[in-house]
Amino acid sequence: MSSPETRVVVVTDSTASLPAQVAEEHGVVVVPLQVVIGAEVLDEGAEGATPERVAAALKEWTPVSTSRPSPAVMLETYRRAAEDGATAIVSVHLSAEMSGTFESAHLAALEAPVPVIPVDSRQVGVATGYAALAAARAAADGATVEEAAYAARDCAERSSSLFYVDTLEYLRRGGRIGATAALLGGALAVKPLLRIEDGRVAPLERVRTSARALARLEELAVTAAEELAGGLDPDVAVHLDVAVAHLANPDRAATLAEHLQERLGERLADATVSCGELGAVLGAHVGPGMIAVCVAPRGPVPDRGPGGEPGEEPGEDHEASTA
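Rules used in this analysis
Residues numbered from 1 in each chain as written. Predicted model: local features only at pLDDT ≥ 70, side-chain atom pairs only at ≥ 80, totals over all residues. Heavy atoms only, no water. Helix = DSSP H or I, 4+ residues; strand = E, 2+ residues; numbered from the N terminus. Buried < 20%, exposed > 50% of the residue type's maximum accessible area, 1.4 Å probe, protein only. Core = buried A, V, L, I, M, F, W, Y, C linked by side-chain atoms within 4.5 Å. Contact = heavy atoms within 4.5 Å. Pairing = 2+ DSSP bridges. Axes fitted to C-alpha atoms, helices over the stretch in contact; angles between N-to-C directions. Expected span 1.5 Å × (residues − 1). pLDDT = per-residue confidence, 0-100. Parallel < 35°, antiparallel > 145°, perpendicular 65-115°, else oblique. Left-handed = near helix turned anticlockwise from the far one by under 90°. Nonpolar A, V, L, I, M, F, W, Y, C, P; charged D, E, K, R; others polar.

Caption draft 1: A look at unusual backbone geometry. The phi torsion at Asp-198 lies on the positive side, around 50 degrees, for a residue other than glycine. Among the secondary structure elements, Asp-198 is positioned in the loop between β9 (191-197) and β10 (200-207). By relative accessible area, which is 59% here, Asp-198 ends up exposed.

Caption draft 2: A look at the nonpolar core. Within the largest apolar cluster, 33 residues are counted, with the highest numbers of intra-cluster contacts made by Val-8, Val-10, Val-28, Val-90, Val-92, Val-119 and Tyr-130. Mapped onto this core, the elements with two or more residues apiece are β1 (8-13), β6 (88-93), β7 (116-120), α5 (126-140), α6 (145-158) and β13 (291-298). No other element matches α5, which puts 11 residues into this core. Val-92 has contacts with Val-10, Val-11, Thr-12, Asp-13, Val-119, Ser-121, Thr-128, Ala-131, Ala-132 and Ala-152, leaving out every residue within four places of it along the chain. Formed by 25 residues, the second largest nonpolar core is a distinct cluster that contains Tyr-164, Val-222, Val-242 and Leu-260.

Caption draft 3: Looking closely at the sheet that holds β1. Read across the sheet, 4 strands follow the order β2-β1-β6-β7 without closing on themselves; strand pairing throughout is parallel. Strands with a single pairing partner mark the edges of an open sheet, and in this sheet they are β2 (29-31) and β7. Across this sheet, the average inter-strand angle for adjacent strands is 20 degrees, counted without regard to direction. Pairing geometry for β1 and β2, over 3 bridges, is parallel. If you follow Asp-13 over to β2, its bridge partner there is Val-31. Running over the sheet, helix α3 (residues 71-83) touches β1, β2, β6 and β7 and is turned about 140 degrees from β6. In this fold α5 packs onto β1 and β6, with an angle of close to 175 degrees to the strand it touches most, β1.

Caption draft 4: Up close: α3. In this model, α3 (13 residues) spans 18 Å end to end at C-alpha, consistent with the 18 Å of a helix rising 1.5 Å per residue. Residue Gly-85 follows α3 closely and has a positive phi angle near 115 degrees.

Caption draft 5: Spatial organisation of the environment of Glu-169. Within the secondary structure, Glu-169 is located in helix α7 (residues 169-173). Taking the relative accessible area as the measure of exposure, Glu-169 reaches 23% and is therefore partly exposed. Residues Glu-169 and His-285, 116 residues apart in the sequence, show an inter-C-alpha distance of 9.0 Å.

Caption draft 6: Layout of the confidence of the model for the protein. Chain-level pLDDT for the protein is 86 on average; 83% of the residues reach the 70-or-more range. Here residues 304-319 is a poorly scored stretch, pLDDT under 50, and it has 29 contacts once near neighbours within four places are set aside; other chains count.

Caption draft 7: Inspection of the packing of α3 against helix α4 (residues 101-109) at higher detail. α4 packs onto α3 with a crossing angle of 55 degrees between their chain directions and a minimal axis gap of 8 Å. By the angle between their directions, the pair α3 and α4 is classed as oblique. Taken as a pair, α3 and α4 cross one another with a handedness that is right-handed. Along the contact surface, α3 presents Pro-71, Met-74, Leu-75 and Tyr-78, while α4 presents Ser-104, Ala-105, Leu-107, Ala-108 and Ala-109. Taken together, the residues that form the contact of α3 with α4 break down as 8 nonpolar, 1 polar and no charged.

Caption draft 8: Region of the structure containing the pairing of strand β8 (residues 160-164). Within β8, 4 of the 5 residues are buried, which leaves it mostly tucked inside the rest of the structure. Looking at chain direction, β8 and β13 are connected through 5 bridges and run antiparallel. By the bridge assignment for β13, Phe-163 is matched with Ala-292. Looking at chain direction, β8 and β9 are connected through 3 bridges and run antiparallel. Of the residues in β9, the one forming a bridge with Phe-163 is Leu-194.

Put into structure tokens, the structure is as follows:
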């Protein structure tokens, strides 16, 4: 447990899809990534690059790309947090396999005025957000910076991110899958179901119609929830966070959320399945029509060793970086 004078602050990035009110409630600092639409560079967020704007650009074949926050931006974020009273920071970010954001956090941590533990969630989107919230809740309960970082890693590792895309073309353009896979999917006129596996986009299943794809996505999400709940201590009250995200596909997303709500209601931490639009950065890589489901644990973190992982001794990977 942390000492009374310790204040651990959690930083994450805008791809975590945390609503502003939720981030503020938990004291999470959010650093925006950037979206380049045509020749215009915008911060991700309500005042800049929005999902609606990205979806419209993609439909019109306007060039869209994304950019990580620089190490200088991350360092300034850490400095401001320290000035506001942070004595240690956990910085939780989307998978390093798909973005350089974690690298920026790591480089900035080396020069930060307080200890910083950068965490590669090996996830994207809402799953990264849930990991950041797990760290924030742990910190609020008096956890040390190492314990809060472990809470984030543990949540991310046990989370499932599943999604459906209308086409693999947008993932191909962004280099998230190979050209051969995209061509095969288009040639067979299939609707791909994908997942995040070890920090990367991985194929899961292929079905012939969007209706079947969404029905299958529902079944896969329920199975993931049951497996996660079944692997938790039956004597400990642990619930689940479940979220549905979409890009320009609100009706189908809402229907899926309603179905999951009916089937998983008693297991939900907040009694509801959240449903909202995916952020602009991730939306730029998956394209309009995408629907995703995230299933994450909410509850006590399993016993951990002194080094941050169960049964491990302290090691370099678990130490806070500081100047």
